[in-house]
Amino acid sequence: MDMKKLDFGFIQGRMTLPPSKNLLQYFPKRKWQEEFLHARKNKFKFIEYFGERNFNKRNPIWTKEGLKKINYLVKKNNLINYSFCEDYFINHNFVKYKKFEEYTDKIINNLSLINIKVYVLALLEKSEITKKNYQTFVEKIKLISNKFEEKKIRVALETNLDFKSIIKLINLVNSKNLYIVYDTGNRLKKQNLQYKEIIKLKKFICHVHLKDKNWKGKNVDLGSGKVNFYKIFKALKRIKYDGKFTFETHRGIDPIVTMKDNKKKILQILKNLK
């Protein structure tokens, strides 16, 4: 793993204080443009945009003017457009959503206009995949995967399925454009099996979300929880992971200072890898 070639980004809104400290996923409304400057000043390569759980017409991802503004800010601050995290289906059932094709066609078109490379599809809560129901997701995942492939955008599932079920699901979908995002916090296990998971999921991991959690499942400051980042990066090094990393971390008291510290902690871990 070449440290000189590593690219780090952060989820949109994580360098901005939200109205409530308990609000993790937060679109920063009027201040969304300021985060591009924060990214450049603190040597991050990209901002991972996201589709909110409930539709927000003020999110620039939905308008031509907003997309043009994103491209302008990216170029001005010497960043790249890389990834987008889809949270909409957390609140809307992925399988039963009546306007599924209308919604996905719109997002595919818009993301292609800003040259997004990875579409993270969070299938959680209202769209939770389990061992019992995962076959019901196959048809629509295949549809969305193939449509994104036409625009050269990889689909990366975010799911709580165990690694064996993930492999079964991907094989059932049978699409060359289907991968997973490995979320270090969401996949925390008391048996400390994350190293083994990463090795088993080697060919499917195309993106990584970095966060720390405690055993209660609460997001905490990176390094203060139970995620063993050393072992995770050791596994990523072993599989020769060459993708990018998005910080989806706790903001702390000062989001900008916290984010800078997060990157320092990860770079130190990478420096000490054997």
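Structural data are supplied above this passage.
Quick notes on the rules
- Residues numbered from 1 in each chain as written.
- Predicted model: local features only at pLDDT ≥ 70, side-chain atom pairs only at ≥ 80, totals over all residues.
- Heavy atoms only, no water.
- Pairing = 2+ DSSP bridges.
- Helix = DSSP H or I, 4+ residues; strand = E, 2+ residues; numbered from the N terminus.
- Axes fitted to C-alpha atoms, helices over the stretch in contact; angles between N-to-C directions.
- Contact = heavy atoms within 4.5 Å.
- 1 Å grid on protein atoms, 1.4 Å probe; cavity = no way out; pocket = protein on both sides within 12 Å on 5 of 7 lines; lining within 4 Å.
- Points joined across faces, edges and corners; volume = space filled by probe spheres on them.
- Nonpolar A, V, L, I, M, F, W, Y, C, P; charged D, E, K, R; others polar.
- Salt bridge = Lys/Arg side-chain N within 4 Å of Asp/Glu carboxyl O.
- Buried < 20%, exposed > 50% of the residue type's maximum accessible area, 1.4 Å probe, protein only.

Undergrad: If you had to explain the sheet that holds strand β4 (residues 118-122) to someone new, which residues and values would you point to?
TA: Pairing is parallel around the closed barrel formed by eight strands, whose spatial order is β1-β2-β3-β4-β5-β6-β7-β10. The sheet shows a mean angle of 30° between the axes of neighbouring strands, direction not considered. As defined by bridge partners, strand β7 (residues 205-210) adjoins strand β10 (residues 245-247) across three bridges and the pair is classed as parallel. Paired with Val208 across the bridge in β10 is Phe245. The strands touched by helix α4 (residues 100-113) are β3 (83-86) and β4; relative to β3, the strand with the most contacts, the crossing angle is about 160°.

Undergrad: Mind laying out the layout of surface pockets, listing which residues take part and the relevant values?
TA: By volume, the largest pocket is sized at about 500 Å³. Forming the walls of the largest pocket are 23 residues, and the residues nearest its centre are Gln25, Arg53, Asp87, Ile90 and Glu248. In terms of residue class, the lining of the largest pocket is built from nine nonpolar, five polar and nine charged.

Undergrad: Quick one: what's the story with the pattern of salt bridges, residue by residue and with numbers?
TA: Scanning the entire structure with this criterion turns up nine salt bridges. Asp105 serves as the salt-bridge partner of Lys147, at 2.8 Å between the closest nitrogen and oxygen. Taken as a pair, Lys147 in helix α5 (residues 138-150) and Asp105 in helix α4 lie far apart in primary sequence, 42 residues in all. When the shortest N-O distance is used, the salt bridge between Arg187 and Glu197 registers 2.7 Å. Pair noted here: Arg187 is in the loop between β6 (178-183) and α7 (194-200) and Glu197 is in helix α7, with a separation of 10 residues, a long-range link. Of the two residues examined, Arg187 and Glu197, each falls in the buried class. Each of Glu101, Asp105 and Lys147 takes part in one network of salt bridges that share partners.

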